[in-house]
Amino acid sequence: MKLPALALLGCIPCAFAAFGITTSGDNMLMDTGGGLVVTIDTSNGDITSIDFDGTELQDSSKFTQLSSGLGSAAVSSTVDNGIGVVTISTDTITHYYIIRSGENTIYIGTHASTEPEVGELRFIARLNKDALPNGVTASEVDGGAVVEGSDVFLVDGQTRSKFYSSVRFIEDQVHGVTGDGVGAYIINSWRGYETSSGGPFFRDIDNQGSAQQEIYFYMNSNHEQTETYRTGFFGPYALAVTTGSAPSGDLDTSFMADLGLEGYVPASDRGSVSGTYSGTLDGEDVTIGFKNEDAQYWASASG
């Protein structure tokens, strides 16, 4: 028996997901065309839904946002040549969510002209704990008794804290959480921390498991601030959704050079440094740091 073409199309509604960005009321939907659909509140820039192949990854009570939420913001979008860009703007912050056709990765960049009044400069994905129950055990605090400052808890005879999930900047390239057939990961590009403060050995929160499953990307932290905050373009970094396995830390952001992002410095406008070092112990790892008021960098070597 042959079915009419329209009937066949009705049988496979998910086979041809449409890449693009659409707006309906206060909701802006970013569809990667690969199974990931992200909904943004056009009044403030919060991500209110992260739907991956029909599974809701976003928490329903607390949303994914910059800092502790921007309060209000102007939200606009463009789509061109298989790239969709959502721009979220306040007087001092321009925040970007970017998708590429067929990729289940949200590329992110943040430009700040000053440290935000609404909280530390950080990106927090507040995710659905039922869908993504597996985080860092040492930072799983749900149901724990407060030990100190509402940040350290006693769980099953162990002290646990979101601070225990921290990894030194120099080593923090990919971190995330998982569930049954799904994972959500922060990827930091090689230049992701260049405008941050603290240097290669600074560290801050990556994960907290409470009623929500939270993953973080800290740009400027007021937890034991060690130097003056920098401002400018932070990132690129990304929120990648997978079927569970961790993505590569090799984040290709070269396409962003043509997007006109505020403060973004493409490879064509960058230089390089070369030289030698001495006076270190044989066989020991060496970290060489560079910094000024605008940026920070480091390189690894061996004594």
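Calculation notes
- Residues numbered from 1 in each chain as written.
- Predicted model: local features only at pLDDT ≥ 70, side-chain atom pairs only at ≥ 80, totals over all residues.
- Heavy atoms only, no water.
- pLDDT = per-residue confidence, 0-100.
- Contact = heavy atoms within 4.5 Å.
- Helix = DSSP H or I, 4+ residues; strand = E, 2+ residues; numbered from the N terminus.
- Salt bridge = Lys/Arg side-chain N within 4 Å of Asp/Glu carboxyl O.
- Buried < 20%, exposed > 50% of the residue type's maximum accessible area, 1.4 Å probe, protein only.
- Core = buried A, V, L, I, M, F, W, Y, C linked by side-chain atoms within 4.5 Å.
- Pairing = 2+ DSSP bridges.
- Phe/Tyr/Trp six-rings, centres within 6.5 Å; stacked < 30°, edge-to-face > 60°.

Q: Explain the confidence of the model for the protein chain residue by residue, including any values.
A: Taken as a whole, the protein chain shows an average pLDDT of 91; of its residues, 93% reach a score of 70 or greater. Between residues 1–16, whose pLDDT stays under 50, and residues either more than four places distant or in other chains, the model counts one contact.

Q: Before we move on, could you go through the environment of Ser77 and cite the residues and values that matter?
A: With respect to the helices and strands, Ser77 occurs in strand E7 (residues 74–80). For the pair formed by Ser77 and Thr22, sequence separation is 55 residues and the distance between their alpha carbons is 8.8 Å. Look past the residues within four positions of Ser77 in its chain and what remains in contact with it is Ile21, Met28, Val85 and Val86.

Q: A description of the pattern of salt bridges should follow, citing residues and the corresponding values.
A: Two side chains bearing opposite charge may form a pair once their charged atoms approach each other closely. Applying the stated criterion across every chain, the model contains nine salt bridges. Glu171 serves as the salt-bridge partner of Arg168, at 2.7 Å between the closest nitrogen and oxygen. The exposure class of Arg168 is partly exposed, given its relative accessible area of 28%.

Q: So what's going on with the nonpolar core? Which residues, and what values?
A: By size, the foremost hydrophobic cluster in this structure holds 42 residues, and its most contacted members are Ile40, Val86, Tyr97, Phe123 and Leu239. Discounting chain neighbours no more than four positions away, the residues touching Tyr97 are Met30, Ile40, Gly45, Ile47, Gly84, Val85, Val86, Ile88, Ile106, Tyr107, Ile108 and Phe123.

Q: Quick rundown of the sheet that holds strand E17 (residues 207–209)? Include the residues and the values.
A: Across the sheet, which stays open at both edges, the four strands sit in the order E6-E11-E18-E17 with antiparallel pairing between neighbours. Strand pairing shows two members of the sheet lacking a second neighbour, strand E6 (65–66) and E17, which therefore form its edges. Across seven bridges, strand E11 (residues 121–127) lies against strand E18 (residues 213–220) in antiparallel orientation. Among the inter-strand pairings, Leu127 is bridged to a residue of E18, identified as Gln213.

Q: Report on the packing of aromatic side chains, specifying residues and quantitative values.
A: Across all of its chains, the model carries nine aromatic pairs by this definition. Ring plane angle 10 degrees and centroid distance 3.8 Å describe the contact between Phe169 and Tyr193, whose orientation is recorded as stacked. Of this pair, Phe169 sits in the loop between strand E14 (158–161) and strand E15 (174–179) while Tyr193 sits in the loop between strand E16 (182–188) and E17, placing them 24 residues apart in sequence. An identical accessibility class is assigned to Phe169 and Tyr193; each is buried. A ring pair is formed by Tyr216 and Tyr218, whose centres lie 5.9 Å apart and whose planes are at 15 degrees; its orientation type is stacked. Of the two residues examined, Tyr216 and Tyr218, each falls in the buried class.

Q: Provide a residue-level description of the environment of Asp250, including the pertinent values.
A: Summarising the element assignment, Asp250 is placed in the loop between strand E19 (232–242) and strand E20 (285–291). When its relative accessible area of 69% is taken as the criterion, Asp250 is described as exposed. Taking the C-alpha atoms as reference points, Asp250 and Gly34, separated by 216 residues in sequence, lie 20 Å from one another.

Q: How would you summarise the sheet that holds strand E3 (residues 36–41) if you had to cite specific residues and measurements?
A: The strand order across the open sheet built from five strands is E1-E2-E3-E4-E5, with neighbouring strands paired in antiparallel fashion. Two strands in the sheet have a free side with no partner beyond their single neighbour: strand E1 (20–24) and strand E5 (55–56).

Q: I'd like a rundown of the pairing of strand E4 (residues 47–52), residues and numbers included.
A: In the case of a regular strand, side chains alternate between the two sheet surfaces. The pairing of E3 with E4 spans five bridges and is classified as antiparallel. When the bridges of E4 are listed, Leu36 appears paired with Phe52. Between E3 and E4, which pair antiparallel and follow one another directly, the connecting turn spans five residues, one of which, Gly45, has a positive phi of 85 degrees. Two elements, E4 and E5, share two bridges in a ladder whose sense is antiparallel. By the bridge assignment, Phe52 is partnered in E5 with Thr55.

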